[in-house]
Amino acid sequence: MAVAQIAPQRVTEQIESKGFLRMVTDEHPGIRFTSRELAVLDQLCKGYTDKDIAWELYVAPRTVSFHLTNMRQKAGVHSRTALLMVAIKAGMIKIDSGLQLCLPVTLTLRQIQVLQLAGEHSRQAASALGIAKHTVDYNWGRIYAALQVCNRPQALVRAFQLGLITLPSSSD
């Protein structure tokens, strides 16, 4: 079952002849992803590793890594999770809210703060929150357990599904 899907109707411009889709936001005007990069992004939403994505798309893991590197450069971000956040904010990804969890989710205020900085490296998040890096990493472990996920992209999508975090306003 797909956790998130690319929402092509929300992309403002499609250039079919070249196979490009354009993502338009205030911070990242005119970023263009190829249709193959969007397929990789769709698999990334599910929290898949490069190897898993490669298996799903019938390509080599190195090809997936190449596409992710290109997308991160185009979006001006440094991580897979930050790329996912940019895509969600741009409306390129539709989050499926019909989610059933085995247990109720309870996160501490600190865990919510760490989740809101999901696009940052642990060291940068620690600096922003005024805590140690190992505290951020510890909180990520607790977040994964509470949300029943294995990695940051899955945690980010699940947090949006559950309404635990929202997109930052455009004035941020």
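Note that the structure is a prediction, hence the values are computed from the model and not measured.

A.B. asks: Please set out the overall build of the chain residue by residue, giving values where relevant.
C.D. replies: Along the chain, the regular secondary structure elements total eight helices and five strands. In the chain, the succession of α and β elements from N to C terminus is β-β-β-β-α-α-α-α-β-α-α-α-α. When the 172 residues of the chain are sorted by exposure, 40% land in the buried category. A sequence separation of at least 24 residues applies to 60% of the contacts in the chain between residues at least 6 apart. Carbon and sulfur atoms form 52% of the exposed surface of the chain, whose accessible area is close to 9,400 Å².

A.B. asks: Describe the confidence of the model for the chain, listing the residues and the values that go with them.
C.D. replies: Of all residues in the chain, 74% have pLDDT values of 70 or greater, and the mean over the chain is 79. Scored below 50 in pLDDT, residues 1-22 makes 56 contacts in the model with residues more than four places away or belonging to other chains.

A.B. asks: So what's going on with the packing of helix α6 (residues 122-129) against helix α7 (residues 133-147)? Which residues, and what values?
C.D. replies: Put simply, α6 and α7 touch, their axes get as near as 8 Å, and they point 110 degrees apart. Relative to α7, α6 is oriented roughly perpendicular. The residues of α7 that touch α6, namely those facing S122, R123, A125 and A126, are K133, V136, D137 and W140. Residues of the contact of α6 with α7, tallied by class, amount to four nonpolar, one polar and three charged.

A.B. asks: Tell me about unusual backbone geometry, and name the residues and values.
C.D. replies: With glycine set apart, most residues show a phi of negative sign, and most peptide bonds adopt trans. Unlike most non-glycine residues, Y58 shows phi in positive territory, near 60 degrees. Along the chain, Y58 turns up in the loop between α2 (50-57) and α3 (61-75). Judged by relative accessible area, Y58 falls into the exposed class, the value being 78%. For Q148, which is not a glycine, the phi torsion comes out positive at approximately 60 degrees. The residue Q148 is located in the loop between α7 and α8 (152-161) in this model. When its relative accessible area of 33% is taken as the criterion, Q148 is described as partly exposed.

A.B. asks: Can you explain the packing of aromatic side chains? Please cite residues and give values.
C.D. replies: The final tally for this structure, using the stated rule, is one aromatic pair. Each ring, one from W140 and one from Y144, has its centre 5.7 Å from the other, and the planes form 40 degrees; the classification is tilted. Of this pair, W140 and Y144 both sit in helix α7, four residues apart, roughly one helical turn. On the basis of relative accessibility, which here comes to 4%, the residue W140 falls in the buried class.

Rules and cut-offs
- Residues numbered from 1 in each chain as written.
- Predicted model: local features only at pLDDT ≥ 70, side-chain atom pairs only at ≥ 80, totals over all residues.
- Heavy atoms only, no water.
- Helix = DSSP H or I, 4+ residues; strand = E, 2+ residues; numbered from the N terminus.
- Buried < 20%, exposed > 50% of the residue type's maximum accessible area, 1.4 Å probe, protein only.
- Contact = heavy atoms within 4.5 Å.
- Areas by Shrake-Rupley, 256 points an atom, 1.4 Å probe, with all protein chains shown as cover.
- pLDDT = per-residue confidence, 0-100.
- Axes fitted to C-alpha atoms, helices over the stretch in contact; angles between N-to-C directions.
- Parallel < 35°, antiparallel > 145°, perpendicular 65-115°, else oblique.
- Nonpolar A, V, L, I, M, F, W, Y, C, P; charged D, E, K, R; others polar.
- Phe/Tyr/Trp six-rings, centres within 6.5 Å; stacked < 30°, edge-to-face > 60°.

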